[in-house]
Amino acid sequence: AQSVTQLDSQVPVFEEAPVELRCNYSSSVSVYLFWYVQYPNQGLQLLLKYLSGSTLVKGINGFEAEFNKSQTSFHLRKPSVHISDTAEYFCAVGSTASKLTFGTGTRLQVTL
Amino acid sequence: AAGVIQSPRHLIKEKRETATLKCYPIPRHDTVYWYQQGPGQDPQFLISFYEKMQSDKGSIPDRFSAQQFSDYHSELNMSSLELGDSALYFCASSLTGINTEAFFGQGTRLTVV
């Protein structure tokens, strides 16, 4: 069984500031890791994924994440956020790349 | 590029009614997944199908059933609807393989009144 913990339910940040959204997971097997973004009343959009290879993964909209196996973490980062980044962000884990267990989400609120 | 199509996008039903949600996967994708996202909640896996056979089952109520057809589209049937069934229902599709990811549709928002 797998589980995902997103410790921060809300993260307020000023525009152009850096941000880190934390994600920790637990699993007894090798996993695939994902970050999805959900804008209000919208579906899930894939930001980035770690399937294998380099532990630093770059995604869309300037986001990146680093897979840390020893710390079982997959934190999402962006060096400078924009108002349009305001959304709900979900970390997800799966023992296959497709059936996923999601975290409870982190609401990123970017203000001027 | 073609994406996962879900219909309808919005659905309003009364308690004890039935609802059918449809999902059309990306062409050549053979696996379909259904997720339920309640208000303010994370998406929860309901059920999946591979080559028209149920491949995995999550927290799907007995009142719900689903199937995948010969053209690989899938339908989620929900009976005796309850207020708590109000949620965003996502369908995702993938091509079976080791490193294949799931692609999500825009979801169907079901409101039970």
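Computed from a predicted structure; not experimentally measured.

1. Focus on the overall build of chain B
Next, step 1: Summing up its helical and strand segments, chain B has zero helices and eleven strands in all.
Next, step 2: Along chain B, from the amino end to the carboxyl end, the secondary structure elements read β-β-β-β-β-β-β-β-β-β-β.
Next, step 3: Whereas a compact globule of 113 residues would reach a radius of gyration of roughly 13 Å, chain B reaches 13 Å, a difference of no more than 12%.
Next, step 4: Every one of the 113 residues in chain B was classed for burial, and the buried ones make up 47%.
Next, step 5: The contacts of chain B with a sequence gap of at least 6 include a subset with a gap of at least 24, amounting to 52%.
Next, step 6: Total accessible area on chain B is roughly 5,600 Å²; 51% of this is exposed by carbon and sulfur atoms.
Next, step 7: A gap of 5 Å separates the mean positions of the 10 positive and 12 negative side-chain charges of chain B.

2. Focus: the overall build of chain A
Next, step 1: Along its length, chain A carries zero helices and twelve strands.
Next, step 2: Listed by position from the N terminus, the elements making up chain A come as β-β-β-β-β-β-β-β-β-β-β-β.
Next, step 3: Against the 2.2 N^0.38 benchmark of 13 Å for 112 residues, chain A shows a C-alpha radius of gyration of 13 Å, consistent with a compact globule.
Next, step 4: Here chain A holds 112 residues, and 46% of them are scored as buried.
Next, step 5: In chain A, once contacts between residues fewer than 6 apart in sequence are set aside, the share between residues at least 24 apart is 56%.
Next, step 6: Surface exposure of chain A reaches about 5,300 Å², of which carbon and sulfur atoms provide 51%.

3. Overview of the pairing of strand β4 (residues 31-37) of chain B
All names here are of chain B.
Next, step 1: The buried fraction of β4 is high, at seven of seven residues.
Next, step 2: With burial as the criterion, each face of β4 is covered, one bearing Thr31, Tyr33, Tyr35 and Gln37 and the other bearing Val32, Trp34 and Gln36.
Next, step 3: Where β4 and strand β5 (residues 44-50) come together, six bridges link them in antiparallel fashion. The residue bridging tyrosine 33 from the neighbouring strand is serine 48, located in β5.
Next, step 4: Here β4 pairs with strand β9 (residues 87-94) via seven bridges, running antiparallel. Its bridge partner lying in β9, glutamine 36 is registered against tyrosine 89.

4. Observations concerning the nonpolar core
Next, step 1: With 27 residues, the main nonpolar core has Trp35, Leu48, Leu76 and Tyr89 of chain A as its most contacted residues.
Next, step 2: When residues of this core are traced back to their parent elements, those giving at least two are β2 (10-14), β3 (19-21), β5 (32-38), β6 (45-50), β8 (64-68), β9 (73-78), β10 (87-94) and β12 (106-111) of chain A.
Next, step 3: For this core, the element with the most residues is β10 of chain A, which contributes four residues.
Next, step 4: Counting residues in each nonpolar core, the second largest holds 22 residues, with Cys23, Leu46, Leu76 and Tyr89 of chain B among its members.

5. Some thoughts on the interface of chain B and chain A
Next, step 1: The partner chain A presents 20 residues to the 20 residues of chain B that form the contact.
Next, step 2: Taken together, the two surfaces of chain B and chain A that pack against each other cover about 1,600 Å², and 50% of this comes from carbon and sulfur.
Next, step 3: Taken together, the links from chain B to chain A amount to two residue pairs in polar contact (both at pLDDT 80 or more).
Next, step 4: Looking at the side of chain B that touches chain A, the elements with two or more residues in it are β4 and β9 of chain B.
Next, step 5: Tallied by class, the residues present in the side of chain B that touches chain A amount to nine nonpolar, seven polar and four charged.

6. A look at the side chain of aspartate 30 of chain B
Residues and elements named next belong to chain B.
Next, step 1: Residue placement: aspartate 30 occurs in the loop between β3 (19-24) and β4.
Next, step 2: Here aspartate 30 is buried and forms no salt bridge, its nearest opposite-charge partner arginine 28 lying at an N-O distance of 9.7 Å.
Next, step 3: Those residues in contact with aspartate 30 that lie beyond four places of it in its chain are Phe49, Tyr50, Glu51, Gln68, Tyr72, Ser94, Leu95 and Thr96.

7. Here's the deal with the sheet that holds β3 of chain B
All names here are of chain B.
Next, step 1: Across the sheet, four strands lie side by side as β1-β3-β8-β7; this open sheet has antiparallel pairing. Two strands close off the open sheet at either side, each with one partner strand: β1 (5-7) and β7 (64-68). Averaged over all neighbouring strand pairs, the angle between strand axes comes to 15°, with direction disregarded.
Next, step 2: When β7 meets strand β8 (residues 74-78), the two strands line up antiparallel, connected through five bridges. Bridge pairing in β8 places glutamine 68 opposite serine 74.

Cut-off values and rules
Per chain, residues are indexed from 1 in the order of the written sequence. Lettering for chains starts from A, numbering for ligands starts from 1, and both go in the order in which the items are written. Only residues with pLDDT of 70 or above have their local features reported here, since the model is predicted, and side-chain atom pairs are shown and tallied only from 80 upward, although totals for entire chains, interfaces and linings are computed over all residues. Just so you know, side-chain values use all the structure's heavy atoms and leave hydrogens and water out. Counting from the N terminus, the helices are the DSSP runs of H or I reaching at least four residues and the strands are the DSSP runs of E reaching at least two. A radius of gyration in this sense is built from C-alpha atoms; the matching globule rule multiplies 2.2 Å by the number of residues raised to 0.38. Only protein chains enter the accessibility calculation, which uses a 1.4 Å probe. A residue is then buried if its area is under 20% of the maximum for its type, exposed if over 50%, and partly exposed in between. Residue contacts follow a heavy-atom distance rule, with two residues in contact if any of their heavy atoms lie within 4.5 Å. A 1.4 Å probe and the Shrake-Rupley method give the accessible areas. Residues count as covered only by the protein chains that appear here. We treat Lys and Arg as the positive residues and Asp and Glu as the negative residues; His and chain ends play no part in the count. Charge positions are represented by NZ for Lys, CZ for Arg, CG for Asp and CD for Glu. For two strands to count as paired, DSSP must find a minimum of two bridges between them. Think of a nonpolar core as a cluster: buried Ala, Val, Leu, Ile, Met, Phe, Trp, Tyr and Cys residues, connected wherever their side-chain atoms sit within 4.5 Å. Accessible area that two parts lose when put together, evaluated with a 1.4 Å probe and summed over both, is termed the buried area. Whenever two N or O atoms come within 3.5 Å, that pair is a polar contact, provided that in protein one can donate a hydrogen and the other can accept it, and provided that, for residues adjacent in sequence, both atoms are side-chain atoms. Side-chain classes are defined by residue name, with Ala, Val, Leu, Ile, Met, Phe, Trp, Tyr, Cys and Pro counting as nonpolar, Asp, Glu, Lys and Arg as charged, and the others, Gly among them, as polar. One side-chain nitrogen of Lys or Arg within 4 Å of one carboxyl oxygen of Asp or Glu is enough to make a salt bridge. Axes, fitted as lines to C-alpha atoms, cover a helix only where it is in contact. Angles between the N-to-C directions of the axes lie from 0 to 180 degrees.

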